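# Coordinates in review
Chain residues, written in single-letter form:
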Amino acid sequence: MFRGEEVLAAVLENEDTKNHAKVTDRRELGKMFDGFSLNKKRPCECAHGQTAELRTAESIIQVSLCGHCFDILDEGSVEHYRMPKAFFEEFERRLPSE
Ligand SMILES: [Zn+2]
């Protein structure tokens, strides 16, 4: 599992609005990832139109997300976590839903 402070770049995409953003500024990343932790949860049935690609020095983490899910896609399998509040607030601030 990656740690928040390892993220060097976050590429955010909202498939519904076709908007995307790339965050590489350390301070901006800090707003998303300071104190970041993930807690497992059961899968939801909700449809996700938002994604994030989190790049660390070692790996690229693909995330499918909504307001309450942070699902990490890993070679065909999915790990389901609760959406960390600060991360989603920063996502929505950049790429507001319609
Ligand atoms: Zn969801």
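To keep things clear, this report deals only with the structure shown in the data block. (Residues numbered from 1 in each chain as written. Predicted model: local features only at pLDDT ≥ 70, side-chain atom pairs only at ≥ 80, totals over all residues.)

Moving on to the overall build of the protein chain. The helix and strand tally for the protein chain stands at two helices and six strands. In sequence order, the protein chain lays out its α and β elements as β-β-α-β-β-β-β-α. Against the globule reference of 13 Å for 98 residues, the protein chain gives a C-alpha radius of gyration of 12 Å, in line with a compact fold. Reported as C-alpha extents along the three principal axes, the dimensions of the protein chain are approximately 35 × 30 × 25 Å. (Helix = DSSP H or I, 4+ residues; strand = E, 2+ residues; numbered from the N terminus. Rg over C-alpha atoms; globule rule 2.2 N^0.38 Å.)

Bridge count for strand S4 (residues 60–65) against strand S5 (residues 69–74) is four bridges, and the pairing is antiparallel. Looking at the pairing, Leu65 lines up with Phe70 of S5. Where S4 folds back onto S5 in an antiparallel hairpin, the turn is made up of three residues. Inspection of the sheet shows S5 paired to strand S6 (residues 77–82) by six bridges, in the antiparallel sense. Within the sheet, the bridge partner assigned to Asp71 lies in S6 and is His80. Between S5 and S6, which pair antiparallel in sequence order, lie two residues; one of them, Glu75, sits at a positive phi of approximately 50°. (Pairing = 2+ DSSP bridges.)

All of the buried residues along helix H1 (residues 26–33) are Leu29, Met32 and Phe33. Buried residues along H1 cover an arc of 80° about the axis, so they all sit on one side. Among the structural elements, strand S1 (9–14), strand S2 (19–23) and helix H2 (85–94) are those in contact with the buried residues of H1. Just past H1, the residue Gly35 takes up positive phi, approximately 70°. (Buried ≥ 20, exposed ≤ 12 C-beta atoms within 10 Å, placed from the backbone. Arc of directions from axis to C-beta. Contact = placed C-beta atoms within 7 Å.)

Summarising the sheet, S1 and strand S3 (residues 50–55) pair through six bridges and their orientation is antiparallel. If you follow Asn14 over to S3, its bridge partner there is Gln50. The sheet contact formed by S1 and S2 spans five bridges and is antiparallel. Residue pairing across strands places Glu13 opposite His20, the latter belonging to S2.

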